Amino acid sequence: MFESLADRLQQALGEVRSRGRLSEEDVERALRQVRLALLEADVDFRVVKEFTARVRERAIGTQVLASVNPAHQVVKVVADELTELLGGTTSEFVLPKARPAVVVLAGLQGSGKTTAAAKLARYLRAERGLDVALAACDLQRPAAVEQLVLLGGRADCTVYERGTDATPVEVAGWALGRAREEQRDVLIVDTAGRLHVDDQLMAELQAITERVRPHRVLLVLDAMTGQDAVNVATAFAERAPFDGLVLTKLDGDARGGAALSVKAVTGRPIVFASTGERLEEFELFHPDRVAQRILGMGDVVTLVERA
Amino acid sequence: RRTREALAGELGASVIGRVDDGVFERIEEALIRADLGVPATARIVGQLEEEVALGRIEGREQLVARLRELIAQAARPDGSEARLDLRARPAVVMVVGVNGTGKTTTIGKLAAALRGDLGLRVLVAAADTYRAAAVEQLAAWAERADTEIVRGQPGQDPGSVAFDALEAAQARGVDVVLIDTAGRLHNRTPLMEELAKVGRVVSGKVAGAPHETLLVIDATTGQNGLRQASAFAQKTPVTGIVLTKLDGSAKGGVVVAIAQELGLPIKLVGVGEGIADLRPFDPEAFAAALVE
Ligand SMILES: Nc1nc2c(ncn2[C@@H]2O[C@H](COP(=O)(O)OP(=O)(O)OP(=O)(O)O)[C@@H](O)[C@H]2O)c(=O)[nH]1
Ligand SMILES: Nc1nc2c(ncn2[C@@H]2O[C@H](COP(=O)(O)OP(=O)(O)OP(=O)(O)O)[C@@H](O)[C@H]2O)c(=O)[nH]1
Ligand SMILES: [Mg+2]
Ligand SMILES: [Mg+2]
C-alpha cells in the first residue's frame, strides 16, 4: 500500500538499468506503475489515461529506446510531464484597483470556505496592508455566522452580518453597499457549502455573484477529494466561473491528485494552499510541492538522478 | 449519477447481451471513478472475470446483477453488525473524523432519530471546544432535535467535557450520550493522542463505553479515506463508518476498500443537510447506485 511513484518506477526499471537496453515491454511495465501511483494519488481516471498515453508516445517514440540510459529517460519524461500538467510556476493573486475589490468563495460543504475567508482576509491585511471586510452570506449551516464573526475577529477584520433572517443575496448586496460606504479595500464573501448537483443552491450562488459582481471567484477544494473533483469543478465553473482554487487541508497526508486533475481539466490554477486550522497557515500555492507529493520524494531532479 | 449513467449507457449500448473483453475495462473504469481504488476494484473485476470464464455468468443482465452483488458483499465485511449497539444505559457514542466531514451534523440527525423515532432520552456533549462556534452549531442541532446538551467552554479540555456529560447523563437517567469531537487530521499525532485520551476518560467513567465509536467519512473523499480509517482505528476502537454527503455525485467507494482492508462495517449514511437525512446503510442500494 501507498508506495510512491518514485519507488514504483525504481522497481519497474531497476533491472533494466543493469541491462542498459529498454524494450517496449519495459516501458509498458513502467507505465503500469505510473498509472497505479497516479490513481492512488486520486488523479482523475481520464487524466491518468491521457497522461500515460503521452508518456508512452514520448518514451516509445524515437530516442528513448535507443538512448544510452533509457531508464533514466523514461523517468525524466514522467517527471517533465507531471510538472507541466501542474502548471509549473506559482500563481500570483492580483486584485484590481477597484474599491472594494470583491472576492467570492464557493465550494462543497465542509471544504474549508469560512476558514479560508478569514485566512485570506488576514493574509491581505497582514501581507499587503489592505483594509478587508468579510460578508457572512452562509445563512444555512447552523452557527455559520457566529463562526465567521469569531474568525473575522481573530483576523482583525470587520465582519458584515445581519443574522439569518434575510436571504444570502440580500445580505451580499447590503454588505457590498456598506463596504463601499466605508471605503474598504476588499470585501470577501463567505457563502454556504453546496453540492454541484443541487440546482437550487447553485442558482443561489449564481444570484449572489450577479448581485455583487465579484472581481475574483475562488473555488475552495479539499485536498482529500477523490475522483469527483473534476465533476465538481466543471459544474462550479458553469454557474460561478472561478479564477482559481484554494486547496485546503494540505497538512494532511493526501497526495492531492485532485488538484492536478482540476488544473488539467479546467486550466484554472491553484492559487492558495491552506495547511492547518490556524489563520496563519495559508500561503500562495507552489505547484512543484504537489508534484513532489505525488512523486513521493524530495524532488524531481533527485528522481531523475537516481534512475 | 454520472458514473451510473456512463456505465449503464456503455453496457447497454456496446455489450448487447454479449460479454466481450472490453466490458471488464469499462467496469474497472466505473469502479475506479467511484473511488474504490485499484486493489478493491481488481478484486471485484478479477472475481467477475473468473466467473465469466467458468461460464457461471451469461449476458449483460447477469453480469450487472453479479457485479452489484459483489460490491454489496465487499461493502459488508463478514459477520459485521451494521446496527448500532445502544443497549447499555447510558449508551455512549463517540463521533470522530477528519475536519469537515459531517460529524456535528450527523450527531444532530442521529439525536433527532433516537429521540423522535425511539423516544429515547438523548444528551449531546459538545466536546469540540476548538473550532470556532462548534459548540453553538451543536447547540442549534440540540434544539432542533429537542435533546439535552452539555456544553464545553472554548479551549476546555475535551476529556473533561465528556466526563461532565457522562456524569450529567448518569445523574439524570439519560439513555444515550452522543459525544461530538473536533475534526482532526489523522496524521497529526498530538491531536490523535488527545482523542485517545477522551476515549480513556469515557471508558473510565462508564464501564464498557464508548459502546460505539463512529468514524465519519465524506463520500467525496478519495483514497486518503483508507489512511484516515486505519489511523483512527489505531487510536480509538472504531466500531463503524458513517458515510456522509451521498446526496452528491460522489459514490463514496473508498468505504468498500475500508470494509475490505480493515473489516470496518458501514453503519449509517448521510444524504443531505436536513434533520431527517440520515439512513441505515443498505449495501444493495449502495451497490445499485454505483452500478446501474
Ligand atoms: N487541518 C485543516 N483543517 C482545515 C483547513 N481548512 C479548514 N479546516 C477545517 O475544516 C473544517 C471545515 O472548515 P470550514 O471553514 O467550516 O468549511 P466550510 O467550507 O466553510 O464549511 P460549510 O460552510 O459547512 O460548507 C473546520 O474544522 C476547519 O477548521 C486546513 O487547511 N487544514
Ligand atoms: N449535502 C450534505 N451535506 C452534509 C451532510 N452531512 C453534513 N453536511 C454538511 O457538511 C458541512 C460540514 O458538516 P459538519 O457537521 O459541520 O462537519 P464536522 O465534521 O462536524 O466538521 P468539523 O467539526 O469542522 O470537523 C456542513 O455544511 C453540513 O451541513 C450530508 O449528508 N449531505
Ligand atoms: Mg462555512
Ligand atoms: Mg463539528
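Note that the structure is predicted; figures quoted are calculated from it, not measured.

Caption draft 1: Summary view of the environment of A:Gly129. All names here are of chain A. Relative to the helices and strands, Gly-129 resides in the loop between α6 (113–128) and β2 (132–137). Assessed through its relative accessible area of 59%, Gly-129 is described here as exposed. Distance in space between the C-alpha atoms of Gly-129 and Glu-28 is 54 Å, their sequence separation being 101 residues. With sequence-adjacent residues up to four places away left out, Gly-129 is seen in contact with Leu-124 and Asp-185.

Caption draft 2: Highlighting the packing of helix α2 (residues 22–33) of chain B against helix α4 (residues 59–75) of chain B. Residue and element names in this part refer to chain B. At a closest axis distance of 13 Å, the pairing of α2 and α4 adopts a crossing angle of 35°. The two elements α2 and α4 meet at a crossing, and its hand is right-handed. Across the interface between the two elements, Val-23, Ile-27 and Leu-31 from α2 touch Leu-63, Leu-67 and Ile-71 from α4. Here the residues of the contact of α2 with α4 sort into six nonpolar, no polar and no charged.

Caption draft 3: Layout of the interface of chain B and chain A. Contact with chain B, which involves 40 residues of that partner, is made by 41 residues of chain A. Between chain B and chain A the total buried area reaches about 3600 Å² when both faces are included, carbon and sulfur atoms providing 54% of it. By the criterion of area lost to chain A, the three top residues of chain B are B:Arg33, B:Arg227 and B:Glu273, representing 16% of everything that side buries. Seen at the junction of chain B and chain A, the total is four salt bridges.

Caption draft 4: Examining the site of ligand 2 more closely. If you check the shell around ligand 2, you find 22 residues, and the closest are B:Gly102, B:Lys103, B:Thr104, B:Thr105 and B:Glu273. More than one chain reaches ligand 2: the nearby residues come from chains A and B. For ligand 2, a nitrogen atom lies 3.5 Å from a polar atom in the side chain of A:Gln109. Contact distances for ligand 2 include 2.8 Å between an oxygen atom and a backbone N or O atom of B:Gly102. Tallying contributions element by element places helix α5 (residues 103–116) of chain B first for the shell around ligand 2, with four residues.

Caption draft 5: Geometry of helix α10 (residues 254–262) of chain B. When we look at burial in α10(B), the residues that qualify are B:Val254, B:Val255, B:Val256, B:Ala257, B:Ile258 and B:Ala259. Phi turns positive one or two residues past the end of α10(B), at B:Gly263, with a value near 70°.

Caption draft 6: Layout of helix α7 (residues 158–172) of chain B. All names here are of chain B. With 15 residues, α7 extends 21 Å from end C-alpha to end C-alpha; this agrees with the ideal 21 Å at 1.5 Å per step. Within α7, the full set of buried residues consists of Pro-158, Gly-159, Val-161, Ala-162, Ala-165, Leu-166, Ala-168 and Ala-169. On its buried side, α7 packs onto β1 (91–96), β2 (122–126), β3 (148–151), β4 (176–180) and α8 (189–205). Just downstream of α7 lies Gly-173, where phi reads positive at about 70°.

Reading the values: rules and limits
- Residues numbered from 1 in each chain as written.
- Chains lettered and ligands numbered in written order.
- Predicted model: local features only at pLDDT ≥ 70, side-chain atom pairs only at ≥ 80, totals over all residues.
- Heavy atoms only, no water.
- Helix = DSSP H or I, 4+ residues; strand = E, 2+ residues; numbered from the N terminus.
- Buried < 20%, exposed > 50% of the residue type's maximum accessible area, 1.4 Å probe, protein only.
- Contact = heavy atoms within 4.5 Å.
- Axes fitted to C-alpha atoms, helices over the stretch in contact; angles between N-to-C directions.
- Left-handed = near helix turned anticlockwise from the far one by under 90°.
- Nonpolar A, V, L, I, M, F, W, Y, C, P; charged D, E, K, R; others polar.
- Buried area = accessible area lost by both parts, 1.4 Å probe.
- Salt bridge = Lys/Arg side-chain N within 4 Å of Asp/Glu carboxyl O.
- Near = heavy atom within 4 Å.
- Polar contact = N/O pair within 3.5 Å; in protein donor to acceptor, adjacent residues only side chain to side chain.
- Expected span 1.5 Å × (residues − 1).

None of the figures reported here should be taken as evidence of function without further support.
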